[in-house]
Amino acid sequence: MKLTRRNFIASVVGGAVGIQITPLPWKFTDDVAIWTQNWPWVPVPPSGEFSEVSSVCTLCPGGCGISVRKVEERAVKIEGRTDYPVNPGGICPLGMGGLQLLYDESLRFTGPMKRVGMRGSGEFQRITWREALDIAGARIAALRKEGRPEAVAAVDGNGEGTTASLLIQRLMQAVGSPNYVRPASLSDTYRMGNILMQGRDAPIAYDLENSDLIVSFGCGLLEGWGAPGRVLNAWGMWHEGNPAKRKVKIVQVESRASNTASKADYWVAAKPGTEGALALGLAHVIIRSGRYDAGFLAEHAFGFDDWQSRDGVVHTGFKTLVLKNYAPEQVSRITGVRPDAIVKLAGMFMDAKSPIAIYGKGKNELNGSLYEFMAVQSLNALAGRINRVGGVLLPDPLPLNPLPHFECDEIAAKGLEKPRLDRAGTKAYPFSHSLIHKFAEAINGSRKSPIDTLLVFSANPAFTLPDGGAFETALKKIPFVISFSPYRDETANMADLILPDCVYLEKVDDIIWPVGLQYPLYGLSKPVVDPIYDTRNCGDTIINLSKAIGKSVGAAFPWKHFTDVLKERAKGLYDAGGGLVRFNPAAPPWVAKGAGSKTGFKSFDDMWKKLEAGGMWYRPAEQQRDWSWLFKTPSGKFEFYSQRIEQAIRSGSTKEMRITVQGDEACMAHYEAPAQDPDRTAYPLTLFPYEMINLASGWIPSPPFLYKTIFDTQLLKDTSFAAIHPGTAGQYGLKQGDLVSVESPAGAVKVRVDLFEGAMPGRVYMPLGFGHTGYDEFLKGKGANPNAIVRAGEDPVSGYPVWWTTPVKLVKA
Amino acid sequence: MKKENDNGKPRHRYGMVIDLDKCTGCGTCMIACAAENNVSVRPDQSDKERAITWMRLYKITNGKEFPDTEVSYFPRPCMHCDHHPPCVSVCVATATKLDFNTGIVSQIYTRCIGCRYCQAACPYGARYFNWWDAYFPKDKGLDRYLSPEVSPRMRGVVEKCTFCHHRLMRAKEQAYAEGRREIEEHEYQTACTEACPVQAITFGDLNNPDHKVSKLVKHPFTFRLLERLGTEPKVYYYSSRDWVRKLGDNFLPGEYKPVLHKTWMQEEWSTKPGRDTY
Amino acid sequence: MDSALLPHGVKRCSPWAFFFWTLPWLGLLAWGGLSAFLCLWKGLNQTNMSNVFAFALWIVFDLAVIALGAGAFFTGFLTYIINKKELRNIINTAVIIGFICYSGAMAMLGIDIGQPIRGWFIFWHANIHSMLVEVSFCITCYLMVLAIEFLPIILENRKLEEIKELRLFGHNLHEIMAVFAATGTFLSFFHQGSLGGMFGVMYARPFAAREGFYIWPWTFFLFVLSAIACGPLFTILCTKLAELLTRKKLVPDSAIQALAKISAWLLSFYIVLKIFDYLGWIYGVVPRAGLTFESFFREGPYGVWMVVCEIIFCGILPAVILITPQGRKNQGWLILAALLTCIGIVLNRFLFIIVTLAIPVMPFERFWSYLPTWQEWGVGLAVVGYGFLVFSLAYRYLPVFPKEKELNPAPES
C-alpha cells in the first residue's frame with residue numbers, strides 16, 4: 001500500500017483508537033498512579049529490629065530519664081521513662097525533639113575543623129584529630145613556655161560539679177591559668193545565698209511535692225525552671241482529681257501573664273526586680289500578726305531580733321527592719337501590688353500547713369538577685385519552713401569522690417598566682433566564683449586582649465549572655481578561640497579550631513543534682529547510638545589535649561578514658577553507703593521512708609553496672625535532719641543577718657560591693673531600687689527578656705520541631721514579636737503586628753508588636769532564644785535576640801548582671 | 001451505644017480527655033506527635049496556614065485587663081468524630097474512613113487525590129494538606145530519625161491525626177503473640193498522651209467502663225469542641241474554668257450556663273477575682 | 001488564505017486581523033500554561049491556597065463557569081425536548097459555550113487536585129456518599145455529551161462537509177440530538193445540584209450548611225435553579241458580545257426574547273426561594289450552631305453588603321427588568337440585567353466557597369484572609385482566553401449562527 005497523506009492520517013487515527021481497546025493505556029494509567037505512591041524522593045524509612053535504650057537526657061541540668069526507640073542502629077523516637085524518679089513519664093519539648101540535634105547534619109560539626117573563612121563566617125576545613133590536638137596543644141604549650149599561662153582562658157557551660165566541668169577546671173589549673181569562667185545561672189545565686197544564710201555549699205532543695213502552698217517568686221515553673229520533668233510532673237499531681245478539693249495551691253509572682261501565672265491559682269503581678277520586697281512585705285504581715293515560728297527563730301536563727309555584738313554595739317534585727325520598711329503600703333508602692341493582696345497572701349502563707357516560698361527568675365539559665373533570694377529565704381525561715389517537710393530541705397552535697405590531688409608544675413603555680421581577669425573573689429565580688437561579663441569587659445577594655453587562647457566548652461556565650469553583645473566583641477579581640485561545641489553555634493563560628501564534642505545521645509555524661517530537687521540524685525547518661533560522625537566525648541578530648549600540651553600537664557590526667565574518671569568519682573557514692581539505683585514508681589523518693597533502704601547492689605562494681613544501666617543513683621529525701629551542725633554559718637544558725645557579708649563589707653566597702661544601704665541592713669535581705677538611670681526620660685520603657693519552655697535559649701540549639709509550637713504572634717517569617725500592653729502600645733500608636741525598633745543604650749533590634757493584655761504596662765517583653773546567626777536554615781536569622789540590647793547593671797554583692805531592667809524605647813519602623 | 005462487631009465482640013470507641021486545667025501549653029504533645037508520625041519540619045513553621053501539626057495548640061485568653069488576664073490552651077488533635085464525621089462522607093475516593101471497630105477516622109495517603117474537600121468540611125482544621133514534598137534534604141540526614149511504623153507522605157495528599165493507629169497495631173500484635181485477643185488500657189496509648197509531662201491527656205476506650213476516659217467524660221466539667229454541631233467528637237476537654245468551657249463552642253447571648261454553683265477561691269483580693277464559680 | 005474553510009456566504013475578517021485578535025487570548029493561555037506547569041511540577045505551594053483556604057480562586061472559577069455554562073443543557077432541553085423551534089438559532093452558541101465552560105472547568109480541576117495522576121481514583125474508588133463524586137461523574141459524562149453535541153457543528157465546516165462519510169455521520173447525529181439533549185439535561189441537573197449539595201452538606205460549617213429534602217440540602221435545588229436561570233442569560237450575553245464585536249446581527253430577536261423570558265421567570269422563582277433559604281438559614285441553622293447572622297461578618301472584607309448585592313442588586317433588580325416585556329425588549333436593559341444576574345450567581349458561589357472557609361467555626365480560631373498568586377490568576381484567566389479562542393475559531397470556521405446569512409445579506413457587488 002502506498003503511503004498517502006490520507007492513509008497516514010487514517011492509520012494514525014486508527015492506531016490511536018485501536019490502542020484504547022488494548023490494556024496498554026489502562027496499564028499505563030495504573031502504573032503512573034502507583035508511581036505517585038512510591039515517589040523515589042519520598043523517604044522510605046528502613047525497618048529492622050526494634051529496641052529501647054534507657055538513658056538520661058543531659059540537654060539541661062534537669063536530667064530527665066529518657067527511653068530511646070531504635071530500629072537497628074537508628075534512633076527513631078525519644079520518650080520519657082516511667083522508671084526514673086525525676087520525671088516519671090513525660091519530658092519537656094526540647095528533650096522530645098532531641099533526635100534532630102543528633103541527625104541534622106548541617107547543625108553539627110562532623111569532625112575536627114580549622115577555620116578557613118572569615119571569623120564568624122562558619123567556613124571550616126576538616127582536619128584530623130591528631131592535627132587538631134597538636135595545634136591546640138602547641139598553642140597552649142607555647143604560652144606556657146612564654147611564662148604566661150594565664151593568657152589561656154576557658155568558658156565552661158557544663159553543669160556545676162559535673163565531671164566534665166571538674167576536668168576543665170583541672171586542665172586550667174594544670175596549665176596554670178586562673179581564668180576559668182562560667183556563665184552565671186540561677187544555681188549560682190542559690191549557692192551564694194545558701195552559703196551566706198546557711199553556711200552550706202550545697203544545692204537548693206525545695207520539697208515541692210510535700211507542700212500545700214507554693215508561693216513562687218518568679219520561678220517559671222511551667223517555663224522550664226528547676227528540673228522541668230520533675231516540676232511538670234508535680235504540676236500534674238497537684239491538679240489531679242476534683243478541683244474543688246484540691247489541696248495544693250500555687251501562687252505566682254511575676255509581671256507577665258506567663259503560662260505559670262495564668263495556670264497558677266493566684267497571680268500576683270509585681271514589677272520585675274521587686275519580688276524580694278514583696279517577700280519582705282509578707283514577712284511584715286506575718287511578724288505583725290505574731291504567727292511566725294518562734295521556736296525556730298529562737299533556737300536556730302540569728303539576727304531576727306535586735307542583737308548586741310561582742311563589741312557591745314546594738315544591731316538592728318530582721319524584725320525591726322521589716323516592721324520599719326516593709327508595711328503593705330510601703331511594699332505596694334515598690335511592687336505595684338495592692339496592699340490588701342499582700343495581707344491576704346501573707347494570711348494564706350500563715351494558714352497553710354506546709355507552705356514554701358521559692359525563688360527564681362524564669363528558667364535556671366540566667367542568674368537571680370542575691371538580696372531577693374535572701375528575702376524569700378528569710379520568709380521561709382520566718383515561717384519555720386527550713387528543714388521541714390514540704391519546705392526547704394538542707395541535704396548534704398552528693399558524696400562523689402573528689403578528683404585526686406596533683407602537683408602543679410612551676411609555670412602553672414606562677415600562673416595561678418595571677419589575678420583573675422573578671423575580679424571574682426576579690427573584695428568587690430567576695431562570694432562570686434566567676435563573672436563572665438566582667439571577663440568580657442576586661443578584654444574589651446584593654447588595648448590588646450590579655451587572653452590569647454580561649455577554650456569554650458558546652459557554652460555559647462556570644463548568644464546566651466545578657467550582656468548587650470559584650471562577649472561577642474571580646475571574642476573578636478581574642479587571637480585564638482578553640483570551641484568544643486558539637487553545634488555550629490555563634491561562638492563556634494567565631495572559633496579558629498573546632499574539637500567537636502559528641503551530641504548528648506552519643507556520649508556518656510553525668511547530671512549532678514537536678515536544680516531544686518529535694519533529694520540527692522546522680523544521673524548518668526549512656527550512648528544511645530555510636531557517634532555518627534568523627535566526634536569525641538569532650539571528657540576524652542580534654543584528657544588527650546592535656547597530653548598534647550605537655551608531660552607535666554598530662555600528668556594531672558592519669559586516666560585513659562572519661563569513663564574512668566566518672567567511675568572513680570562514683571566510687572564515693574558507694575563508699576557513702578546507702579542509695580538506690582532503681583526507681584519504684586510506687587515509692588517516690590519524696591515520700592518519707594517510702595523508698596525503703598535496701599540498696600539493691602552488693603559491691604561497687606555491681607552498683608556501677610546498675611548505675612550504667614539505670615542511669616541513676618539517688619537517696620530518698622532526708623526530711624527534718626538533726627539540727628546540730630546543720631548550719632555552718634559563723635553563728636551556727638540560720639542567719640537573717642549574714643555575718644559573712646558583714647565580714648566582707650568590713651574588709652571592703654559597701655560602695656565597692658554596690659550596696660546602696662548602709663549599716664546592718666546591708667547584711668540582711670532588703671530591697672534596693674535599681675540605680676536610677678539618667679537616660680530614663682529618653683528610654684521610658686523597660687525591657688524584660690522572658691523564657692519559654694518550647695524554645696531553647698541556652699547553648700543547646702532548639703530542635704526545629706520546636707518551631708511547630710511557636711505561635712505566629714511570637715514569630716512570623718523571620719521576625720519575632722515583643723509582647724506589649726495595648727495601653728502602652730497605644731501611646732506609641734502601635735497596632736498588632738506593627739514593626740518597631742526596640743532601642744536601648746546598648747543597641748536596637750527590630751521586632752513586631754504583639755498586643756497582650758497580660759503584659760505589665762510600660763514593659764516590653766521579648767522572648768529569649770530567637771535571633772540566631774549560627775546553625776542552619778531552621779534557626780538562622782529567625783527573630784531577634786533581646787540579649788543583644790540588654791544593658792545590665794550589677795547585682796549588689798554578687799556582681800551578676802541585673803538583666804531584667806534594661807531601659808528601652810520604641811521607634812516605629 | 002455498645003454495639004457489637006462482626007465477631008460478636010463489643011466494638012471499641014477510642015477517645016481522649018484533655019484536662020485543660022493541667023495543660024501548661026508546653027507543646028510537648030505537638031512535638032511527640034510530629035516525631036512519632038514522621039511529620040516533616042519545613043524551615044518556616046510560622047506559616048500556620050500551611051504548617052503540618054496533627055496536634056495543634058491554640059492559645060486563648062480570657063480577654064480581661066491586666067492583671068486579671070489569663071492564658072490557656074486548647075490542644076487540638078483530630079476529633080475522630082463518632083457520628084457521621086464531616087470529612088468522611090465527602091471524600092471522593094474513599095480515602096478516609098470511620099473504622100467501626102475502633103472509632104478511629106483513618107486516612108489512606110496513597111488513595112487520596114488531594115481534592116481537599118475534607119479540609120473544607122472539617123470545622124476543627126484537623127486536616128493538613130501536603131503543599132510541599134516532605135522536607136528531608138538528602139545531605140542533611142534528617143531522614144535518619146524516621147520511624148518505619150508510619151509511612152511518610154507524598155506531596156499533594158491530605159494527612160491527619162490517626163490516634164497513633166500504628167501503636168494499636170503494635171499492641172495488638174504483642175497481645176496476639178501472647179495469645180490474648182484483647183489489649184489492656186495501658187498497652188495502647190497515643191504518643192501525645194504518653195509524652196504529656198503533666199499527664200493532662202487521658203486516652204482509652206470510651207466503650208469500656210473500666211477505662212479512665214469513660215469515667216472522666218461523665219464529669220460536669222467535661223465538654224467537647226463545637227458539640228452542638230452534632231459531630232460527636234471522641235476528644236473531650238475538661239476545665240474548671242467557665243471562660244475556657246465557654247470558648248469550646250459558639251453560644252448566643254445568655255445560652256451558656258455555668259456548670260455548678262459552689263464558690264471556690266472567690267476572694268476579692270485575688271487578681272483572678274471570681275475566676276470560677278461552680 | 002483560509003477562505004476555503006470559511007462558511008458559505010458570510011463575511012469574515014482577514015486572516016491577519018484574526019491572528020492579531022487571537023494574540024491576547026494566546027497570551028492568556030501561555031500565562032496559564034506556565035502557571036499550570038509550575039503547579040504540576042512544583043506542587044500547589046505555587047498558590048496561596050492553604051489548609052484554611054482549601055478551596056479558592058480556582059473552585060470559584062469552576063463553579064462560576066459551570067453555572068454560566070448551564071445554558072447549553074437548558075437550551076438543549078428547551079430546543080429538543082420542549083421543541084421550542086426559535087431556539088434552534090441559538091442552540092449552537094449555547095452548546096459551544098457549554099463545551100468551553102465545562103472543558104475549562106475540568107482542566108482547572110485537574111490542576112487543582114494535589115495528585116492529578118490519581119484523579120481517576122474518583123471513579124475507581126468512588127464514594128457514593130460524596131456530592132463531589134456525583135459532580136465528577138456527571139461533569140465527565142456531560143462533557144462527553146457536549147463533545148458529541150459539538151461534533152455535528154464541527155462537521156458542518158465547509159471543508160469537512162465535502163467528505164461524504166463525515167457529512168452523513170454529522171447529519172445522523174443531528175437527527176438523534178434529542179437523545180443527547182435528554183441525557184445532558186439529566187446529567188446537568190444532578191451535577192449542578194450536587195455542586196450546591198457539596199456545600200450544603202458541610203453540616204459542620206454553619207455558614208454553608210443547609211437543611212433539605214431527603215439527602216439533598218436546599219442548596220442542591222437552588223444551584224440547579226440558579227444555573228438554569230443564569231446559563232441562558234450568559235449565552236445571550238455572549239451572543240451580544242459577538243454581535244458587538246462582529247458588528248453584525250447574528251441571532252434573531254425571537255430566540256433571544258424567548259430565552260430571556262424563560263430566564264426571567266426562573267430567576268424570579270429562584271430569588272424568592274433564595275430569600276426563603278436565607279431566612280430559614282438565619283433563623284434555623286445559624287442559631288442552632290450558637291451563632292447569629294451578623295457574627296459571620298464581623299471581620300475581614302466580607303460583609304453583609306455581599307448578601308445585599310446578591311439578593312437585591314443582582315437578584316431582584318434583574319428579575320424585575322427581565323420579567324417586564326419593555327425591560328427585556330430594550331437592548332441596554334436586557335444586557336444589564338443579564339450581566340447583573342451572572343454577577344449575582346458568581347457572588348453566590350463566592351460566598352459559598354471563600355466566605356465559608358474564611359469564617360472560623362471554632363470560637364478561638366482567627367480570621368484568615370487570602371489573595372491568589374499570579375499562578376492562580378494565570379490558570380483561571382487561561383480559561384477565559386481559551387473560551388475566546390475556541391469561540392472565535394468556531395465563529396470563523398463553523399456555521400454557528402444559522403441565520404447569519406439571512407440577517408446579513410451580502411451587499412450586491
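Criteria and cut-off values
- Residues numbered from 1 in each chain as written.
- Chains lettered and ligands numbered in written order.
- Predicted model: local features only at pLDDT ≥ 70, side-chain atom pairs only at ≥ 80, totals over all residues.
- Heavy atoms only, no water.
- Helix = DSSP H or I, 4+ residues; strand = E, 2+ residues; numbered from the N terminus.
- Buried < 20%, exposed > 50% of the residue type's maximum accessible area, 1.4 Å probe, protein only.
- Areas by Shrake-Rupley, 256 points an atom, 1.4 Å probe, with all protein chains shown as cover.
- Axes fitted to C-alpha atoms, helices over the stretch in contact; angles between N-to-C directions.
- Parallel < 35°, antiparallel > 145°, perpendicular 65-115°, else oblique.
- Left-handed = near helix turned anticlockwise from the far one by under 90°.
- Contact = heavy atoms within 4.5 Å.
- Nonpolar A, V, L, I, M, F, W, Y, C, P; charged D, E, K, R; others polar.
- Salt bridge = Lys/Arg side-chain N within 4 Å of Asp/Glu carboxyl O.
- Buried area = accessible area lost by both parts, 1.4 Å probe.
- Polar contact = N/O pair within 3.5 Å; in protein donor to acceptor, adjacent residues only side chain to side chain.
- Pairing = 2+ DSSP bridges.

### Focus: the overall build of chain B
Secondary structure summary: chain B contains seven helices and ten strands in total. Looking at chain B as a whole, 66% of its 278 residues qualify as buried. Of the roughly 9,400 Å² that chain B leaves accessible, carbon and sulfur atoms contribute 52%.

### Quick notes on the packing of helix H2 (residues 57–68) of chain C against helix H4 (residues 91–112) of chain C
The description of two helices packed together rests on the angle between their axes and the distance between the axes. Residues and elements named next belong to chain C. Contact geometry of H2 with H4 gives a least axis separation of 9 Å together with a crossing angle of 160°. One way to sum up the angle between H2 and H4 is to call them roughly antiparallel. Every pair of crossing elements has a handedness; the one defined by H2 and H4 is left-handed. Together, Trp 58, Ile 59, Phe 61, Asp 62, Val 65 and Ile 66 of H2 and Cys 101, Tyr 102, Ala 105, Met 108, Leu 109, Ile 111 and Asp 112 of H4 make up the contact between the two elements. Partitioning the contact of H2 with H4 into residue classes produces eleven nonpolar, no polar and two charged.

### Quick look at the side chain of A:Ser483
Note that A:Ser483 resides in strand E18 (residues 480–483). Owing to a relative accessible area of 1%, A:Ser483 belongs among the buried residues under this scheme.

### Section: the environment of A:Tyr641
All names here are of chain A. Looking at the secondary structure, you find Tyr 641 in the loop between strand E23 (638–639) and helix H25 (643–651). Of the residues examined, Tyr 641 reaches a relative accessible area of 1% and is grouped as buried. Distance from Tyr 641 to Ser 378, taken between C-alpha atoms, is 9.7 Å for residues 263 residues apart in sequence. Residues contacting Tyr 641, with those up to four places away along its chain left out, are Phe 302, Gly 303, Trp 307, His 315, Glu 646, Asp 664, Cys 667 and Met 668.

### Describing the pattern of salt bridges
Residues and elements named next belong to chain A. Scanning the entire structure with this criterion turns up 75 salt bridges over all chains. Between Asp 351 and Arg 291 there is a salt bridge, with its nearest N and O atoms 2.8 Å apart. Of this pair, Asp 351 sits in helix H14 (residues 339–351) while Arg 291 sits in the loop between helix H10 (275–289) and helix H11 (294–300), and the two are 60 residues apart along the sequence. Taking the relative accessible area as the measure of exposure, Asp 351 reaches 56% and is therefore exposed.

### Remarks on the interface of chain C and chain B
With 54 residues of chain C at the interface, the matching set in chain B holds 56 residues. In this assembly, chain C packs against chain B so that about 4,300 Å² is buried in total across both faces, 58% of it on carbon and sulfur atoms. The largest share of the area that chain C buries against chain B comes from C:Asn51, C:Tyr203 and C:Phe364, three residues that together contribute 19% of it. At the boundary of chain C and chain B, one finds one salt bridge. Where C:Asp112 meets B:Arg116, a salt bridge forms, and the shortest distance between an N and an O atom there is 2.5 Å. Our count for the chain C to chain B interface comes out at 37 residue pairs in polar contact (both at pLDDT 80 or more). Class assignment for the residues of the side of chain C that touches chain B results in 31 nonpolar, 17 polar and six charged.

### Quick notes on the packing of H2(C) against helix H9 (residues 177–200) of chain C
Residues and elements named next belong to chain C. Orientation of H2 relative to H9, taken along the N-to-C sense of each, is 150°, at an axis distance of 10 Å. Crossing angle aside, the handedness with which H2 passes H9 is left-handed. Taking contact as the criterion, the partners of Leu 63, Ile 66 and Ala 67 in H2 are, on H9, His 191, Gln 192, Leu 195 and Phe 199. A class-by-class count of the residues in the contact of H2 with H9 yields five nonpolar, two polar and no charged.

### Remarks on the side chain of A:Arg200
Residues and elements named next belong to chain A. Counting through the fold element by element, Arg 200 comes out in the loop between helix H7 (186–198) and strand E8 (205–206). At 2.7 Å, the side chain of Arg 200 forms a polar contact with the backbone oxygen of Pro 395. Not counting residues up to four positions away in its chain, the partners in contact with Arg 200 are Arg 191, Asn 194, Ile 195, Leu 394, Pro 395, Asp 396, Arg 625, Leu 630 and Lys 632.

### Observations concerning the sheet that holds strand E11 (residues 266–268) of chain A
Residue and element names in this part refer to chain A. Spatially, four strands are ordered E11-E10-E9-E15 in an open sheet, and the strand pairing comes out parallel. The outermost strands of the open sheet, each flanked by one partner alone, are E11 and strand E15 (355–362). Between one strand axis and the next, the sheet turns by 20° as a mean value, whatever way the strands run. Here strand E10 (residues 249–253) pairs with E11 via three bridges, running parallel. In the strand pairing of E11, Val 251 is matched with Tyr 266.

### Looking at the interface of chain A and chain B
Across the boundary between the two partners, chain A contributes 88 residues, which contact 87 residues of chain B. Summed over both partners, the interface of chain A with chain B buries about 7,100 Å², with 58% contributed by carbon and sulfur atoms. Close ionic contact of B:Lys140 with A:Asp104 constitutes a salt bridge, the shortest N to O distance being 3.5 Å. Counting the contacts that link chain A with chain B gives 35 residue pairs in polar contact (both at pLDDT 80 or more). Taken together, the residues of the side of chain A that touches chain B sort by class into 48 nonpolar, 19 polar and 21 charged.

### With respect to the pairing of strand E20 (residues 509–512) of chain A
Residues and elements named next belong to chain A. With burial as the criterion, each face of E20 is covered, one bearing Asp 509 and Ile 511 and the other bearing Asp 510 and Ile 512. The sheet contact formed by E20 and strand E21 (residues 521–525) spans four bridges and is antiparallel. Paired with Ile 512 across the strands is Tyr 522, a residue of E21.

### Some details on the environment of C:Phe220
All names here are of chain C. Assignment of secondary structure puts Phe 220 in helix H10 (residues 218–246). Each C-alpha atom, one on Phe 220 and one on His 8, is 45 Å from the other, the two residues being 212 residues apart in sequence. Setting aside residues no more than four positions away along its own chain, Phe 220 makes contact with Phe 189, Phe 190, Gly 193, Ser 194, Gly 196 and Gly 197.

### Concerning the pairing of strand E1 (residues 14–19) of chain B
Residue and element names in this part refer to chain B. Of all the six residues making up E1, six are buried; the element is thus mostly covered by neighbouring parts of the structure. Alternating positions in E1 separate into two faces, Tyr 14, Met 16 and Ile 18 on one and Gly 15, Val 17 and Asp 19 on the other, with burial throughout. Direction of pairing for E1 relative to strand E8 (residues 201–205): antiparallel, over a ladder of five bridges. Among the inter-strand pairings, Met 16 is bridged to a residue of E8, identified as Phe 203.

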